[in-house]
Amino acid sequence: MTVTRTSEVPATGAAHGTALPPAEPTPPPTPAALVPRRTARLAIFSLAIGAFGIGTAEFATMGLLPYIAAGFDSSITEASHAVSLYAIGVVVGAPLIAALTARMERKRLLLVLALIFVVGSIGSTLAPSLPVMLASRFLTGLPHGAFLGIGAVVASTLVSPHRRATAMARVMLGLTVSNIIGVPAAAALGAQFGWRTAYGLVALIGVVTLVAVLGLVPPQRPGAGPLHPPGTGHAQAATGHRHPGGRLDRIRRHVRRLHVHLRP
């Protein structure tokens, strides 16, 4: 039986009947960095804190309208513009920020968005008049959609592919919890200590988010690939450990060598 020699097997080794050393498999593309699972969890938690603050800032105002109106000696109808202008800020800010910051490093963008949120919340807390308060509410709404969108994308890049949906859901969980805990707490503080206290709490949450993102979220380039934690296939390839694709390549090479050695 004659078997055609494959181009991958050198002629010298086949002629002498010696076993050829297995070729090194070509690993898949290495990700930009390896993120430990603890780091990924803390980063996702910091992003969830930001979502919690955003949800509280968005919905708490509706329960504070009577106190805001009384504080500025205006009608509830006029004070309710704080809700409308926040919503307008969300609608304007999300596409505008996405278009202007497409090439910006993601962590830096998250920090800028958190800073805008803090400045707007402090402005709402210290506003000397209703127009200033309304302008501050508009400013607070600008980073709303962009922070949630970028935060979800960043969270998905910190985990292995089969856990990306879970990571994104955990970021959005902060928005859900804000409706259960944050909004009632802000309304209670506003009724007991004044509406400015509620916005002060929102500003404090924004500061915590700013510090947490700064210290816990790994830097990322815009459009960067997923950053897999140790233990995943890509991480094993990057560290030199065996992976399923490399094992399959070795099996194929051994089969080719058997074809060569079966020559009569």
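You'll find the structure just up there.
Predicted model only: the values in this text are computed from it and were never measured.

1. A look at the overall build of the chain
Working step 1: Of regular secondary structure, the chain possesses eleven helices and zero strands.
Working step 2: Going from N to C terminus, the chain has its helices and strands arranged as α-α-α-α-α-α-α-α-α-α-α.
Working step 3: A burial count over the chain gives 41% of its 264 residues as buried.
Working step 4: Considering only residue pairs separated by 6 or more positions, the chain has 81% of its internal contacts joining residues 24 or more positions apart.
Working step 5: As displayed, the chain offers around 13800 Å² of accessible surface, 67% of which is attributable to carbon and sulfur atoms.

2. As for the packing of aromatic side chains
Working step 1: Under the counting rule described, the total for this entry stands at two aromatic pairs.
Working step 2: Between the aromatic rings of Phe72 and Trp195, the centroid separation amounts to 5.4 Å while the plane-to-plane angle is 50°, which identifies the pairing as tilted. Taken as a pair, Phe72 in the loop between helix H2 (37-71) and helix H3 (76-79) and Trp195 in helix H9 (residues 195-216) lie far apart in primary sequence, 123 residues in all. Of the two residues examined, Phe72 and Trp195, each falls in the buried class.
Working step 3: With a centroid separation of 5.8 Å and an interplanar angle of 80°, the aromatic rings of Trp195 and Tyr199 are classed as edge-to-face.

3. Examining the side chain of Arg137
Working step 1: As for its placement among the helices and strands, Arg137 is situated in helix H6 (residues 130-141).
Working step 2: We note that Arg137 is buried and unpaired, the nearest opposite charge coming from Glu58 at a distance of 7.9 Å.
Working step 3: In this structure, Arg137 is in contact with Ala57, Glu58, Thr61, Ala82, Leu85, Tyr86, Ser124 and Tyr199, ignoring residues within four places of it in sequence.

What counts as what
Residues numbered from 1 in each chain as written. Predicted model: local features only at pLDDT ≥ 70, side-chain atom pairs only at ≥ 80, totals over all residues. Heavy atoms only, no water. Helix = DSSP H or I, 4+ residues; strand = E, 2+ residues; numbered from the N terminus. Buried < 20%, exposed > 50% of the residue type's maximum accessible area, 1.4 Å probe, protein only. Contact = heavy atoms within 4.5 Å. Areas by Shrake-Rupley, 256 points an atom, 1.4 Å probe, with all protein chains shown as cover. Phe/Tyr/Trp six-rings, centres within 6.5 Å; stacked < 30°, edge-to-face > 60°. Lys, Arg positive; Asp, Glu negative; His and termini not counted. Salt bridge = Lys/Arg side-chain N within 4 Å of Asp/Glu carboxyl O.

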